[in-house]
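# Summary of structural features
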Amino acid sequence: MLANAQSPCDEGIIQAQRKLARAASAASQPSARPASAGGETSRKGYALAATVLGSSMAFIDGSVVNIALPAIQRDFATGAGGNLAAMQWIINAYLLTLGSLVLVGGSLGDRFGRRRMLITGIAIFTAASVACGLASGATALIAARALQGVGAALLVPASLAIIGNVFDGDARGKAIGTWAAWASITGAAGPVMGGWLVDAVSWRAIFFLNLPLAAATVGLAWYAVPDSRDPDAPQQFDWLGVLLVASGLGALTYGLTRVPELGWLHPSVLWPMVLGVVTLAAFGVAQARVRAPMMPPALFRSRDFVGANLLTLLLYFALSGVLFFLPFVLIGAFSYSATAAGATLLPFSLMVGLLSSTAGKAMEHLGARRMLTWGPVIAALGLALMALPGVGWSYWAGFFPAMLVLGLGMTIAIAPLTTTVMNAVSTAHAGVASGVNNAVARVAGLLAVAVLGVVFALALGGPLAGAPAAMLIHAFRWVVLATVLCALASAACAVVFITPCQSPRAGAAGQMKHR
C-alpha cells in the first residue's frame, strides 16, 4: 500500500535528460537502432515494456508488503521478531536504502550505462526477494528488505532514464503516459493480488512473484534497450554524503522505533536519536563543501523549490503513515481478509490513475499554487473520513467515501509538483532537482512509519497481537489526526512558499527572466 502513490517527480527525471539523451544515444550506440522503421518501432515497444516491468517490480513489492504485515506478524509472533518495531523495520529498511541511494543510482546509470544499472538493479532486487521469501525470522527479512531497496534504487531511475533516451518528441510523451498508466494499474492490482496470495498460499509467495517478472525484464532489456550513458556526467560521486545521510536516517529511525518499548529517555533510544541528528547536520555541512554534492545547496535558494519539497515531505508523510496502519485495523478490527484489505485501496488507485491527465490539463488554467493548496486540503478531508468507521461499519459507508476523497485530493496535488520543482531551478539542475524531490517522498514514508508508530503504540497502550477491535480503532484515529494535521500543513506550505502564477507556462517564463 505504501508505494501506490507515485513519487511526484518521477517524470521529472525523464524531462531532465532530454538534451543529453539524444547525444548520449548517438555517441554510445550508433548501430543500436534497427534499419527499418517497423523494426525500430518494435524495438522501442520492447524497451518500454522492459522499463514498465522493471518499475512494476518495485511498485508491486512496495504495495503488497503492507498487506502481508499482519500475516508476517502472526508467523513471527512467538519470537521477538513479532513486535511492532520489527514490523516497522520491514518497511523502514526498504525505504531507508531506497531513499538514501536513489540519487546515487541515477548517477551510476549516467556514468556506467543505464541498461547495465537496470539489469544490475533487477539482479539485486530479485536475489533479495528470494531471501525475503526464505527468511526464517524478522531479522533476516529486514536485512533482505534493505537489500531490495538497494536494487530498487538502481532500477527505478535507470528505467526512467531509458525512456528519456529511447523516445523523442511526441513519442516520449506517449511513452511516459503508458509508463505512468501501468504504474497506476500495478499499484491498484498489487494489493489485491498480494492479498489473495497471502490468503491462498502464504505471505512468502508475494516475494517469489518477482522471479518471472525479473526474467522477462532482463530478456527484453538485453534485446531492445541501448546501453546509453551521459558523456558529461560528473566523474566524482559524493560517497561521504551517501554514508552520512543513510547512517543519520538509520540511527534516527532506529531510536524512534524503540520508543514504544523503552521510552524516550532510555539510552538505547536517546543516543541513536542524538547520533542521527548530529550525522544529518554533518551531512548538511558536507554538502556545502564537497565538489560534487549529492544534494547541491544552491537548489535551496529557490523559494518554490523549498516549498515544493516541504509540501512533498508533509503530504507523503501523511499518506504513507495512514496506509501503513490501515491494514492492521482492517484485518484486526474489522475482520477483513488480506485480499479484502488490499482491495480497499482500489478506489484511491483508480482515482489517481484515471484523473491524473485531467488534473494536468486543469493546471494550465488554475495554476500550480492553487492546486497545491486545495489538493492537500481535500486529501486531509479524505483522511479525516477514515476516522469515522467504528466496529460494525460497512466498507461502503465507511472507507469507500474516504478513499474516493483522498484519491481526488492526491490527484489534484500530485500533478503540479513536478512542474513546480522543474520550474524552480535552472535546466542544468533539473535532473538533480527531480532526484531530490523523489528522495524526499521516499524519506517521508520512512519517517512516517517511525513517528506515527510511536503515536499508534502509545494510543494502543498494549501489545499489537490480540488487541481489542475498539482499541485498534482508537489508536488508528490518533494516527489519522496526525496525518490530517500534516496534510493541512502541506497546504499551508503552498500558500506561504509557492509563487502565484496564472499557469505553469507563465511560471516557467517567470523563471527564465531570472536566469
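This text gives an overview of the structure that appears in the document. Note that the structure is a prediction, hence the values are computed from the model and not measured.

Analysis parameters
Residues numbered from 1 in each chain as written. Predicted model: local features only at pLDDT ≥ 70, side-chain atom pairs only at ≥ 80, totals over all residues. Heavy atoms only, no water. Core = buried A, V, L, I, M, F, W, Y, C linked by side-chain atoms within 4.5 Å. Buried < 20%, exposed > 50% of the residue type's maximum accessible area, 1.4 Å probe, protein only. Helix = DSSP H or I, 4+ residues; strand = E, 2+ residues; numbered from the N terminus. Contact = heavy atoms within 4.5 Å. Expected span 1.5 Å × (residues − 1). Arc of directions from axis to C-beta. Phe/Tyr/Trp six-rings, centres within 6.5 Å; stacked < 30°, edge-to-face > 60°. Lys NZ or Arg CZ within 6 Å of the ring centre and 35° of its normal. Axes fitted to C-alpha atoms, helices over the stretch in contact; angles between N-to-C directions. Parallel < 35°, antiparallel > 145°, perpendicular 65-115°, else oblique. Nonpolar A, V, L, I, M, F, W, Y, C, P; charged D, E, K, R; others polar. Salt bridge = Lys/Arg side-chain N within 4 Å of Asp/Glu carboxyl O. Bend = angle between axes of the 7 residues up to and from the residue.

### So, the nonpolar core
Counting residues in hydrophobic clusters, the biggest one holds 146 residues, and the most contacted among them are Leu69, Ile72, Leu141, Trp203, Met410, Phe456 and Phe476. No other element matches the 17 residues that helix α12 (residues 303–332) contributes to this core. Ignoring anything within four residues of it in the chain, the contact list for Leu69 reads Met87, Ile90, Ile91, Phe324 and Phe328. Counting residues in hydrophobic clusters, the runner-up holds seven residues, among them Leu256, Val259, Met273 and Ala450.

### With respect to helix α9 (residues 210–224)
For α9, which comprises 15 residues, the first-to-last C-alpha distance of 21 Å matches the rise-based estimate of 21 Å (1.5 Å per residue) to within 8%. Of the residues making up α9, those classed as buried are Asn210, Ala214, Thr217, Leu220, Ala221 and Ala224. With its buried residues spanning 140 degrees around the axis, α9 presents them on a single face. More than 90 degrees from the buried face of α9, the exposed residues found are Pro212, Ala215 and Trp222.

### Brief notes about the side chain of Ser490
Examined against the element boundaries, Ser490 turns out to sit in helix α18 (residues 469–497). Residue class for Ser490 comes out buried when judged on its relative accessible area of 0%.

### Points about the environment of Gly392
Examined against the element boundaries, Gly392 turns out to sit in the loop between α15 (368–385) and α16 (399–423). The exposure class assigned to Gly392 is exposed, which follows from its relative accessible area of 71%. Taking the C-alpha atoms as reference points, Gly392 and Phe334, 58 residues apart in sequence, are found 7.2 Å from one another.

### A word on the packing of aromatic side chains
Both the distance between ring centres and the angle between the ring planes are used here to describe each pair of aromatic rings. Scanning the model with the defined rule gives twelve aromatic pairs in all. Aromatic side chains Tyr46 and Tyr223 sit 5.6 Å apart centroid to centroid with 75 degrees between the ring planes, which places their arrangement in the edge-to-face category. Here Tyr46 is found in helix α3 (residues 37–75), whereas its partner Tyr223 is found in helix α9, with 177 residues between them in sequence. The class for Tyr46 is partly exposed, based on a relative accessible area of 38%. With 5.4 Å between their ring centres and 90 degrees between their planes, Phe334 and Phe399 make a pair best called edge-to-face. Of this pair, Phe334 sits in the loop between α12 and α13 (338–343) while Phe399 sits in helix α16, and the two are 65 residues apart along the sequence. Members of the aromatic cluster, connected to one another through ring pairs, are Phe324, Phe325, Phe328 and Phe456. Across from the ring centre of Tyr223, 4.3 Å away, lies the NZ or CZ of Arg43, which sits over that ring.

### Description of the packing of helix α4 (residues 84–112) against helix α5 (residues 114–134)
Axis separation between α4 and α5 bottoms out at 8 Å; the angle between their running directions is 150 degrees. In terms of their interaxial angle, α4 and α5 are classed as roughly antiparallel. On α5, the residues touching Tyr94, Leu108, Gly109, Asp110 and Phe112 of α4 are Arg114, Arg116, Met117 and Phe125. Split by residue class, the contact of α4 with α5 holds five nonpolar, one polar and three charged.

### Concerning the pattern of salt bridges
For the coordinates displayed, the defined rule picks out one salt bridge. A salt bridge links Asp75 to Arg204; the shortest N-O distance between them is 3.8 Å. Of the two residues, Asp75 sits in helix α3 while Arg204 sits in the loop between α7 (169–200) and α8 (205–208), which places them 129 residues apart along the sequence. Given the relative accessible area of 23%, Arg204 is considered partly exposed.

### A closer look at α12
Here α12 contains 30 residues, and its C-alpha end-to-end distance of 44 Å stays within 8% of the 44 Å for a straight helix at 1.5 Å per residue. Along its length, α12 reaches its greatest deviation from straightness, about 30 degrees, at Leu326, and the proline Pro327 lies no more than four positions downstream.

### Digging into the environment of Val495
The topology assignment puts Val495 in helix α18. For Val495, the contacting residues outside a window of four places in its chain are Arg369 and Thr373.

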